[in-house]
Each structure stands twice: as structure tokens, then as C-alpha cells.
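Chain by chain, the residues:
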Amino acid sequence: MAAISTSPKRNGPLGGPSTTRGKTRQELNDRRYPKIINKDEIVWRDRYNFFLERGWELRPRYRPDWKPSWAGTSTNPIDCEDSISNIVSIILDAKRVTDGFIVCLKRVTCRSKEVQIGNFLSSPELGGYPNNHCVPILDSFQDPLSPEFEYIVMPFLRPFDDPDFWVVGEIIDFIGQMLEGLVFMHSHRVYHGDLNGSNIMMDARPIYPDGWHPVMRYASVDGASVLKPLARIDHPVRYYIIDYDCSIMLLPNESHFISDLGGQDKEIPEFSPNKPLDVFKLDVFALGNIFLKNFHQKYLGLGFLVEFIDYMMTRDPTNRPTAQEAFRRWQNVKPTINPSMMHWRLRKPDESIGERVALDTYAMAHHGIQSVKRLFQVQPLGQPQA
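Residues numbered from 1 in each chain as written. Predicted model: local features only at pLDDT ≥ 70, side-chain atom pairs only at ≥ 80, totals over all residues. Heavy atoms only, no water.

Help me out: how do you make sense of the side chain of D93 in this one?
Note that D93 resides in strand 2 (residues 91-96). Among the residues examined, D93 registers a relative accessible area of 8% and is labelled buried. Within the structure, the side chain of D93 is placed 3.0 Å from the side chain of R59, a separation counted as a polar contact. With residues up to four places along the chain from it excluded, the contact list for D93 reads L58, R59, V103, C104, F156 and P214. (Helix = DSSP H or I, 4+ residues; strand = E, 2+ residues; numbered from the N terminus. Buried < 20%, exposed > 50% of the residue type's maximum accessible area, 1.4 Å probe, protein only. Polar contact = N/O pair within 3.5 Å; in protein donor to acceptor, adjacent residues only side chain to side chain. Contact = heavy atoms within 4.5 Å.)

Shown next, in the form of C-alpha cells:
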């Protein structure tokens, strides 16, 4: 489960036509923007004061005494931020009362090890390591009304590929961060178990310095305008691994060959529900599969990734590298990549000639705003903002 919801399409200035034949505007607005919260939002409204007492403030829509700001006025609901309903029932955004830092609240069952593993990886002993790319857990607590549930508080993140990658150097950075993050997890005997694109997020504040709306990711915080992101090649972001629903934290002397695993990439060749498998090698294959599907199969001109991805996705797990071995191999691959490629625009196979000329012209005009340095050093997030 990603740390924030997917962006729904809105009708009107940000999302398309605002009228439909045969229906008045008022009728359409009443249907699209009910004056009551939906059933999945009730659990959040009923705990508004509880969260506030712990230092986390929900949006005005979830206040117990909320009344739609457009009710009884001529204002179109689409122009009102509090008309935007939540999409995913178990997660919601909030802000830290002390400094306004935006966070994500996630409701999890107490049967899950997600809280325990997340708190371990975010502990004072581990949380400050620069190679720790596990999402920070800022707070966790039990539900006051339903003791079978807990809440975890995480920084507010975006999917790692929203917006799309723009130049080759951004992919180089992503691969390096994810490899060092997986090495960190495995070195502390934590197997993720469900590495896929939806479980990798980014701190997008460097490319959206004024923030974005928690539900309509393409829009400003108030939902009033469409955002244009900065380039991450010039404003590096930090990537995080999230969601420990399927994760396992092994004891110091416990075997990492385990059977009856769930959640894993079903394309893993040795997959078997009853056969003991090397769980760390499963994570390596899954991460290689992310690189394959999201980069090599999506963009042209990334031939330098082929051999490395094949290495990570070696079919025989006994010959497949560990995370540490894959990271070392990547450190050897990077110097072989021509530095001039770092600003090469990523091209998709289905681009028309006209699109390609226009995009290449735009890319050349913006090339070299800042030099490619660090590749890239970004401070961990989650600390109070100055």
C-alpha cells in the first residue's frame, strides 16, 4: 500500500467539463460533491480530536463539526478544498501541529508486524544512517475505539515515478539509492517480501517546494491550480521503501530460508508456496524486476542496464547475487557510463517524430541548469522544518 492515494480526476477547471447534458449544475454538484463525508471517512472524523491531542491535525473536512464551505452559497464545490474526499480508506494525510510538516497516517491491524518492523528500522540507532531508505516512522499508537487496530505516522510521500523520470541521471540516482537501501535492510536481517513499484516512494518536496494536494497530486495544496514540477536532476529527491505487511525480521541465528511466503513477486522463478526459499535473494530479484519494467522496458537508450538487470534476475537463486554483491556490481557499472549521458532526455518507444523534436528542444533549452554533482546526496526527511 502506497503512503498516499492515487489522484482522481476532477471535473471543472482542473479536470474537464463541468456540465452534462440533461442535468443542471446544481444536480451534478449535489451528486459529485455530497454535503456529508463518505462511509470510509467516518473513522477519521470520529478520531479527529484524538489525533489532534497527539499532535496530528486532519484537514477541515474531518472536523466533527464540519459543514461544507460551499453550502448555502453560489460557490462551485470544485473551487472548495473541503469538497475533495479521501480515496484509500486506511490512509489519510495530516499535518504536524508543531511545524506544519505534512504526514501520512496509516491504519493497520495489530496482527501485522508492520509497526514493529517499521519502528525498528526507524529507531534512533538506525534512523540516522544515510543509507537507510526505509520510510521513517514518526509515531505509532493504538486506536482508542478499536483496539485491534494501530496507526503509524510517516512522512507524506509521492510514488517514485510521479512525475515521470526526465533524464538518464535521475535513473542512475534511483538505482543507487534503492540498492543501498536494500543492502541496509538485509544487513539488519529484514526481508521486505513485497518489493514492487507501489512500495517505493519519494520525498518530492525538492521538486514541489510549495507542496501538493494530498489527493489530487497534480494540484496545488489548495486544489486551485495545476502544478509543474522542477527537474529532479537539478533538485535531487530521496527515495524510500514502504509497507512491511509481508516483511520478516529474522533473529540473529535464524535461517533465511523460509517457506509459506506471501506477497512476493510471482515472476520469481523459484517461487513455490511450500518450498523453503532464500528470502534475501527474492528481494534482489524483485528489485531487478522493478528496474526492468520501469526503466529498460519503458525507455530507449538504456542498454547499459541490460547486463546488470540480468545479473540481479539470475534464474538460479544460488547464482543470484546478494544485495551487497549487486550494489558492488553497480558501483563498477557507474564509471563505465559516459557522464554526458546524465542529461540525456529519456525517450519512450511510442513517441511520434513531432513529440520527439519538441521534447528534445525543450530538454536542450533546460540542459545544464546545474551540474550533475553528488549523484546525489539528499538528507533524510522527517525532521521538523526550520
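Help me out: how do you make sense of the packing of aromatic side chains in this one?
We describe a pair of aromatic rings using the distance from one ring centre to the other and the angle between the two ring planes. Applying the stated criterion across every chain yields a total of 21 aromatic pairs. Measuring from centroid to centroid gives 5.5 Å for F50 and F141, while their planes differ by 75 degrees, and the two rings are edge-to-face. A residue pair is termed long-range when its members are at least 10 positions apart, and F50 in helix 3 (residues 48-53) and F141 in strand 4 (residues 139-142) qualify at 91 residues. Plain terms: the ring middles of Y129 and F184 are 5.9 Å apart, the flat faces sit at 50 degrees to each other, and that makes the pair tilted. One end of the pair, Y129, is in the loop between helix 4 (114-121) and strand 4; the other, F184, is in helix 5 (residues 168-187), with 55 residues separating them in the sequence. Under the relative-accessibility criterion, Y129 is labelled partly exposed at 42%. Exposure remark for F184: the relative accessible area of 2% places this residue in the buried category. Each member of the aromatic cluster is reached from another via a ring pair, and the members are F160, F165, F174, Y239, F291 and F295. A cation over a ring is seen here: R158 above W212, with NZ or CZ 5.1 Å from the ring centre. Sitting above the plane of the Y311 ring, R329 keeps its charged end 3.7 Å from the centroid. (Phe/Tyr/Trp six-rings, centres within 6.5 Å; stacked < 30°, edge-to-face > 60°. Lys NZ or Arg CZ within 6 Å of the ring centre and 35° of its normal.)

What exactly am I supposed to notice about the sheet that holds strand 1 (residues 56-57) here?
Within a sheet, each strand pairs with its neighbour through backbone hydrogen bonds, oriented either parallel or antiparallel. Read across the open sheet, the five strands follow the order 1-2-3-5-4; overall the sheet is antiparallel. Only two strands of the sheet have a single neighbouring strand rather than two, namely strand 1 and strand 4. (Pairing = 2+ DSSP bridges.)

Help me understand the pattern of salt bridges, please; the structure alone is not making it clear to me.
Any two side chains of opposite charge can pair, on the condition that their charged atoms come close. If you walk through the whole model with that rule in mind, you get 19 salt bridges. Of the charged contacts in the structure, one is a salt bridge between D143 and R47, with a shortest N-O distance of 2.8 Å. Placement of the pair is D143 in the loop between strand 4 and strand 5 (149-155) and R47 in the loop between helix 2 (42-45) and helix 3, with a sequence separation of 96 residues. Accessibility classification places D143 together with R47 in one group, the buried group. (Salt bridge = Lys/Arg side-chain N within 4 Å of Asp/Glu carboxyl O.)

Just checking my understanding: could you explain helix 5 for this structure?
Helical geometry: 3.6 residues make up each α-helical turn, so side chains three or four residues apart lie on a common side. Helix length check: helix 5, at 20 residues, gives a terminal C-alpha distance of 29 Å against a target of 28 Å (1.5 Å per residue), a fit within 8%. Burial within helix 5 is extensive, with 18 of its 20 residues counted as buried. A positive phi of about 60 degrees marks R189, the residue just after helix 5. (Expected span 1.5 Å × (residues − 1).)

Explain unusual backbone geometry to me, please; I cannot follow it from the model alone.
Most peptide bonds adopt trans geometry, and most residues besides glycine take a negative phi value. Residue P163 is bonded to the preceding D162 through a cis peptide linkage, with omega at 10 degrees. Tracing the sequence through the fold places P163 in the loop between strand 6 (158-159) and helix 5. For R189, which is not glycine, the phi torsion reads 60 degrees and is therefore positive. Along the chain, the position of R189 falls in the loop between helix 5 and strand 7 (190-191). Taking the relative accessible area as the measure of exposure, R189 reaches 22% and is therefore partly exposed.

What exactly am I supposed to notice about the sheet that holds strand 8 (residues 200-203) here?
One open sheet accounts for three strands, arranged 6-8-9; its pairing is antiparallel. With partners counted over all chains shown, the strands left at the sheet margins are strand 6 and strand 9 (238-241), one partner each. Of the pairings in the sheet, the one linking strand 6 to strand 8 comprises two bridges and is antiparallel in character. The residue of strand 8 that forms the bridge with P159 is M201. Sheet strands in contact with helix 5 are strand 8 and strand 9, and its direction is about 40 degrees off that of strand 9. (Axes fitted to C-alpha atoms, helices over the stretch in contact; angles between N-to-C directions.)

Would you mind going over the packing of helix 5 against helix 8 (residues 323-333) with me for this structure?
When two helices pack together, their arrangement is given by the angle between their axes and by how far apart the axes lie. Contact pair helix 5 / helix 8: the axes reach a minimum separation of 8 Å and the direction vectors enclose 150 degrees. In terms of axis orientation, helix 5 runs roughly antiparallel to helix 8. When you trace helix 5 past helix 8, the crossing you get is left-handed. Along the contact surface, helix 5 presents I172, I175, G176, L179, E180, L182, V183 and H186, while helix 8 presents A323, Q324, A326, F327 and W330. When grouped by side-chain class, the residues that make up the contact of helix 5 with helix 8 number nine nonpolar, three polar and one charged. (Parallel < 35°, antiparallel > 145°, perpendicular 65-115°, else oblique. Left-handed = near helix turned anticlockwise from the far one by under 90°. Nonpolar A, V, L, I, M, F, W, Y, C, P; charged D, E, K, R; others polar.)

Help me understand the nonpolar core in this model?
Among soluble globular proteins, nonpolar side chains are generally buried collectively. Counting residues in hydrophobic clusters, the biggest one holds 77 residues, and the most contacted among them are F174, I175, L179, L287, F291, F295 and W330. Excluding its chain neighbours within four sequence positions, the residues that come into contact with W330 are I172, I175, G176, L179, F304, L305, F308 and I337. V43, F51, L58 and A94 belong to the second-largest nonpolar core, a separate cluster that totals 15 residues. (Core = buried A, V, L, I, M, F, W, Y, C linked by side-chain atoms within 4.5 Å.)

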